[in-house]
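Summary of structural features
Single-letter residue listing:
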Amino acid sequence: MIQNLTPFAAKVLPCFSTEGHAQSVIVVKATYDFAGQLVAQGQALPVYHGDEYFKIEGLTDVIRFESDIAPLKPNIDVIINAVAYASGGKPREQFQAGVRVDNYERLIMVLGKRVWRRRLGLIPTMSQPEPVHCVPVVYSLAYGGADKDKPDQFWPNNPTGSGFSASMPQDGLALPQIEWLDDLIQGPAHPRSAAGFGCFGRAWQPRQRLLGQYSGQELAFKGLATKMPRSFQPEAWNCAHPRMQFPTGSIRAGTHFELINLSAQGQLKFKLPATSVAIAVEALGAQVTTYPAFDTVAIEPELGHVALIWRHVVHGVSIEQLGAVKVYFE
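The following paragraphs examine the structure supplied in this document. Predicted, not measured: the structure shown is a model, and the values here were computed from it.

1. Notes on the sheet that holds strand E1 (residues 2-4)
Paired through their backbone hydrogen bonds, the strands of a sheet run either parallel or antiparallel. Overall, mixed pairing links the 4 strands, which are arranged E1-E23-E19-E20 in an open sheet. At either end of the open sheet lies a strand with only one pairing partner, and these are E1 and strand E20 (286-290). Pairwise comparison of adjacent strand axes, ignoring direction, gives a mean angle of 10° for this sheet.

2. Quick word on empty space enclosed by the protein
With the rule as written, the count across this model stands at 1 cavity of 30 Å³ or more. Roughly 40 Å³ of volume is contained in the largest cavity. For the largest cavity, the full set of lining residues is Tyr-143, Ile-178, Glu-179, Trp-180, Asp-183, Ile-185, Pro-191, Ser-193, Ala-194 and Ala-195. Looking at the lining of the largest cavity, the element that brings in the most residues is strand E15 (residues 178-180), giving 3 residues. Split into classes, the residues belonging to the lining of the largest cavity amount to 7 nonpolar, 1 polar and 2 charged.

3. Some remarks on the sheet that holds strand E21 (residues 296-300)
If you trace the 6 strands from one edge of the open sheet to the other, you get E2-E3-E22-E21-E6-E16, paired in mixed fashion. A single partner strand is all that each edge strand has here, and the edge strands are strand E2 (9-16) and strand E16 (245-246). As judged from the 8 bridges shared by E2 and strand E3 (residues 22-32), these two strands associate in the antiparallel manner. Each bridged residue has a counterpart across the sheet, and for Pro-14 the counterpart in E3 is Ser-24.

Analysis parameters
- Residues numbered from 1 in each chain as written.
- Predicted model: local features only at pLDDT ≥ 70, side-chain atom pairs only at ≥ 80, totals over all residues.
- Heavy atoms only, no water.
- Pairing = 2+ DSSP bridges.
- Helix = DSSP H or I, 4+ residues; strand = E, 2+ residues; numbered from the N terminus.
- Axes fitted to C-alpha atoms, helices over the stretch in contact; angles between N-to-C directions.
- 1 Å grid on protein atoms, 1.4 Å probe; cavity = no way out; pocket = protein on both sides within 12 Å on 5 of 7 lines; lining within 4 Å.
- Points joined across faces, edges and corners; volume = space filled by probe spheres on them.
- Nonpolar A, V, L, I, M, F, W, Y, C, P; charged D, E, K, R; others polar.

In short, shape yes, function no, at least from these values alone.
Below is the structure:
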């Protein structure tokens, strides 16, 4: 069905429109090293039919990438799966890390292990962080989690994190090791959002609200299994942290990236390759050629690569109804 004339990964995946109609999405994924050279096919990222989890001990329940079955991303997702390293290679109690994307800057504070301390029932204070050399930038080490004594009460912005308490934190409660630099924890009050650069959970706020809710009238509809609520917002397809979603057109071929302490070498600078693709589709007796812009940038410094993802939706046409699909360079 698909004729791929590029060295990239390309597949046609089934999906549904918000109205519940079958349609098809063509996904193209190119993986480069930081020098702008294509990565060998055996090491390049594939097109994922389902969610991909880390295969690293201790992170096997953490999503590395969401499924590529997303018909539309209104914003550009930037996903960075990384480890933060203290500058100079020496353990530090805390240090900054983050990314600069042209004029945008997203910085986190990385801290060693620390806990809440309460003496004689007084207001909780934070213990001094232990020196640390490297910390995985994952949401389980950001603020959030469930109350230890009341597990049915949790922080909806990040149920996987640490440091949350439904009341005043108890003595010895672990604090997060990753915080936004402009939203540091000063006391028991919650920060505005969990810090991180990876995929943001579908069931976490504020993303969950974008999925919408079915009204009573909608619940009576027989085709509910594939139909989205009327209140569904397309931004729900974006899976990056809300702070790591960028306006369409703001990131393009040639955009400069600078990773700060997110690799063992310290600073890592690169620019996105000047690559574009064309997708020609035959369906229902018509042929259409489109030139999509990429909607996802996935960066993994530990593996030495950056991936770009393009997609095109063939509305109202199931995979069975598709004719020839050709992917080629513009």
